[in-house]
Amino acid sequence: MSGRARQVIESADTICGYTTYIDLVRPLIGQKPVIATGMTREVERVWQAIETARSGGSCALVCSGDPGVYAMAGLVFELCRNNHVAVGSGETDALNVEIVPGIPALSAGAALLGAPLMHDFAAISLSDLLTPWPVIEKRIQMAAEADFAIVFYNPRSKKRDWQLEAARQILLGLRSGDTPVGLTTAAMRDGQSVSLCTLETLDCTKVGMQTTVFVGNSQTFVYGDRMVTPRGYDGKYDLVR
């Protein structure tokens with residue numbers, strides 16, 4: 001968590017968020033009012049946060065990772081636009097919205113794995129709850145053809161148990177089975193786990209919603225217990241000392 005995020009949570013009048021994320025920051029909340037909802041009720045809780053802020057108090061809308069990466073920042077602005085709620089400093093009575101940067105799962109996971117994202121990469125969510133699967137499938141195909149390292153968010157859940165395997169099959173059609181794959185679960189939290197495998201040996205049944213999947217490109221290698229995607233220095237400079 002960034003220092004600014006901690007300050008905002010501690011100073012806000014009301015805290016709002018998904019129940020699981022509220023529990024993670026419970027020690028910072030104290031006796032403040034809390035607006036908590038379960039999974040798939042994002043619109044409800046974000047609108048409640050907006051209404052709370054419009055009433056005159058400050059409200060911290062808690063997300064995991066970074067609020068602008070597969071999280072709630074965009075939904076705040078969509079709801080404000082669709083309901084004609086002014087934001088920013090250009091209009092009278094506009095809602096003051098601060099997006100507090102966080103540490104996205106791809107950054108936390110990459111740090112635990114080594115340096116898998118040193119070169120160009122693509123981040124793709126495998127959740128088809130909001131994005132049709134054919135669109136996701138095309139993005140996987142194009143990213144693989146372009147030889148991007150790929151980070152998969154939302155890889156697998158109890159109800160969505162086939163998408164990661166489908167993605168793996170697409171990649172196996174375009175990449176070697178020896179391509180390194182890194183798995184980080186609950187990165188930087190209690191109970192975190194980190195493991196390495198290959199595209200061929202990846203066991204999708206061992207992956208859950210808290211797991212972020214890192215698939216290397218054609219140049220990615222494993223050194224010791226670290227996964228590395230080279231930037232290209234070895235082709236331009238003599239790295240032997």
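See above for the structure.
Calculation rules
- Residues numbered from 1 in each chain as written.
- Predicted model: local features only at pLDDT ≥ 70, side-chain atom pairs only at ≥ 80, totals over all residues.
- Heavy atoms only, no water.
- Core = buried A, V, L, I, M, F, W, Y, C linked by side-chain atoms within 4.5 Å.
- Buried < 20%, exposed > 50% of the residue type's maximum accessible area, 1.4 Å probe, protein only.
- Helix = DSSP H or I, 4+ residues; strand = E, 2+ residues; numbered from the N terminus.
- Contact = heavy atoms within 4.5 Å.
- Phe/Tyr/Trp six-rings, centres within 6.5 Å; stacked < 30°, edge-to-face > 60°.
- Polar contact = N/O pair within 3.5 Å; in protein donor to acceptor, adjacent residues only side chain to side chain.
- Pairing = 2+ DSSP bridges.
- Axes fitted to C-alpha atoms, helices over the stretch in contact; angles between N-to-C directions.

S.K.: For this particular structure, what's the right way to read the nonpolar core?
M.R.: Across soluble globular proteins, nonpolar side chains have a tendency to be buried as a group. Counting residues in hydrophobic clusters, the biggest one holds 23 residues, and the most contacted among them are Leu126, Ile140, Phe152, Leu171, Val181, Val213 and Val215. For this core, the elements supplying multiple residues, two or more each, are β5 (121–125), α7 (133–145), β6 (149–153), α8 (163–172), β7 (180–185) and β9 (211–215). When residues in this core are grouped by element, the largest group, five residues, is from α7. For Leu171, the contacting residues outside a window of four places in its chain are Ile140, Ala144, Ile150, Phe152, Leu199 and Val215. With twelve residues, the next largest nonpolar core counts Val8, Ile9, Ile29 and Val100 among its residues.

S.K.: In this structure, what is going on with the packing of aromatic side chains? I would like to understand it.
M.R.: Two numbers describe a pair of aromatic rings. These are the distance of the centres and the angle of the planes. Taken as a whole and assessed by the stated rule, the structure comprises four aromatic pairs. Both rings, one in Trp133 and one in Trp162, keep their centres 5.0 Å apart while their planes meet at 70 degrees; by these two values the pair is edge-to-face. You can see Trp133 sitting in helix α7 and its partner Trp162 sitting in the loop between β6 and α8, a full 29 residues away along the chain.

S.K.: I would appreciate a short explanation of the environment of Ser127 in the present structure.
M.R.: Inspection of the secondary structure puts Ser127 in the loop between β5 and α7. Distance from Ser127 to Arg160, taken between C-alpha atoms, is 7.6 Å for residues 33 residues apart in sequence. Look past the residues within four positions of Ser127 in its chain and what remains in contact with it is Ile136, Asn154 and Arg160. Looking at Ser127, its side chain comes within polar contact range of the main-chain nitrogen of Leu129, at 3.4 Å.

S.K.: What's the story with the side chain of Thr220 in this structure? I'm lost.
M.R.: Looking at the element boundaries, Thr220 is found in the loop between β9 and β10 (221–223). A distance of 2.8 Å separates a polar atom in the side chain of Thr220 from the backbone nitrogen of Asn217. Within the local environment of Thr220, its side chain forms a polar contact with the side chain of Thr229, the two groups lying 2.8 Å apart.

S.K.: Is there a simple way to explain the sheet that holds β6 in this structure?
M.R.: Pairing between sheet strands relies on hydrogen bonds along the backbone, with the strands arranged either parallel or antiparallel. Pairing is mixed in the open sheet, where five strands are placed in the order β5-β6-β9-β7-β8. The open sheet has two edge strands, β5 and β8 (193–198), and neither has a second partner. The mean angle between the axes of side-by-side strands here comes to 20 degrees, regardless of whether they run parallel or antiparallel. Sheet analysis places β5 next to β6, joined by five bridges and oriented parallel.

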